[in-house]
Amino acid sequence: MDVGARIRYFRKAANMSVSELARQIGISQPYLSQIERGDRACPHDVLQKACDIFGITLVDFFSDDTEQPSPELLRILRALQKLRPDQQAIIERLIDELSKSNE
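Residues numbered from 1 in each chain as written. Predicted model: local features only at pLDDT ≥ 70, side-chain atom pairs only at ≥ 80, totals over all residues. Heavy atoms only, no water.

Q: Please clarify how the pattern of salt bridges should be interpreted in this entry.
A: In a structure, side chains of opposite charge can pair up when their charged atoms sit close to one another. Within the structure shown, the criterion is met by five salt bridges. For Asp39, the salt bridge goes to Arg37, with nearest N and O atoms at 2.9 Å. With respect to burial, Asp39 and Arg37 carry one shared label: exposed. The salt bridge involving Glu97 is made with Lys100; its shortest N-O contact spans 3.7 Å. In this pair, Glu97 and Lys100 both sit in helix H7 (residues 85-101), three residues apart, roughly one turn of the helix. Judged by its relative accessible area of 48%, Glu97 is partly exposed. By relative accessible area, Lys100 is classed as exposed at 52%. What you see here is one network of salt bridges that share partners, running through Arg8, Arg11 and Glu36. (Salt bridge = Lys/Arg side-chain N within 4 Å of Asp/Glu carboxyl O. Buried < 20%, exposed > 50% of the residue type's maximum accessible area, 1.4 Å probe, protein only. Helix = DSSP H or I, 4+ residues; strand = E, 2+ residues; numbered from the N terminus.)

Q: Looking at this structure, I do not really get the nonpolar core. What am I missing?
A: Where a protein is soluble and globular, its nonpolar side chains tend to be buried together. Among the nonpolar cores identified, the biggest contains 22 residues, and Leu21, Ile27 and Phe54 are the most heavily contacted of them. Those elements giving two or more residues to this core turn out to be helix H1 (3-13), helix H2 (18-25), helix H3 (29-37) and helix H4 (44-54). Take this core: its biggest share by element is six residues, from H4. When neighbours within four sequence positions are excluded, Phe54 is seen to be in contact with Ile7, Phe10, Arg11, Ala14, Met16, Leu21, Leu74 and Gln81. (Core = buried A, V, L, I, M, F, W, Y, C linked by side-chain atoms within 4.5 Å. Contact = heavy atoms within 4.5 Å.)

Q: Even after reading the chapter, I still don't get the packing of H4 against helix H6 (residues 71-81), so can you show me in this structure?
A: Between two packed helices, the angle of one axis relative to the other and the distance separating the axes together describe the packing. Two elements in contact, H4 and H6, have axes separated by 8 Å at closest approach and are oriented at 90°. The orientation of H4 relative to H6 falls into the category roughly perpendicular. In this structure, H4 uses Asp52, Ile53 and Phe54 to contact H6, whose residues at the interface are Leu74, Arg78 and Gln81. Along the lines of polarity and charge, the residues of the contact of H4 with H6 split into three nonpolar, one polar and two charged. (Axes fitted to C-alpha atoms, helices over the stretch in contact; angles between N-to-C directions. Parallel < 35°, antiparallel > 145°, perpendicular 65-115°, else oblique. Nonpolar A, V, L, I, M, F, W, Y, C, P; charged D, E, K, R; others polar.)

Q: Is there a simple way to explain unusual backbone geometry in this structure?
A: Backbone phi values are negative for most residues with the exception of glycine, while trans is the configuration of most peptide bonds. For Asn15, which is not glycine, the phi dihedral falls at a positive 60°. Mapped onto the elements, Asn15 comes out in the loop between H1 and H2.

Q: Sorry if this is basic, but what is going on with the environment of Gln81 here?
A: Here Gln81 shows up in helix H6. Taking the C-alpha atoms as reference points, Gln81 and Phe54, 27 residues apart in sequence, are found 9.4 Å from one another. Ignoring anything within four residues of it in the chain, the contact list for Gln81 reads Asp52, Ile53, Phe54, Gly55 and Gln88.

Written as structure tokens, this is what we have:
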């Protein structure tokens with residue numbers, strides 16, 4: 001599996017620039033670019049930080065492409081992560097109610 005290409009996939013799905021993701025991870029933009037191109041191996045800690053930022057687990061990261069969250073879902077997950085816990089609970093209740101009405 002091409003780890004760099006997967007990072008690029010999730011970064012683009014999250015609508016992030018290389019420099020924005022690199023800043024959030026705590027590495028330089030050229031270093032992240034090299035990882036995405038496959039010129040450098042991706043250290044585990046960098047991969048874990050990227051997954052945390054994308055709101056996914058390492059299992060999600062390495063799962064089959066057909067099981068990957070859509071770009072829309074990734075954007076929603078990122079937005080949810082920025083909410084306070086009480087706001088997240090409100091969204092969860094709303095989703096539960098909407099799911100019940102669709103049954």
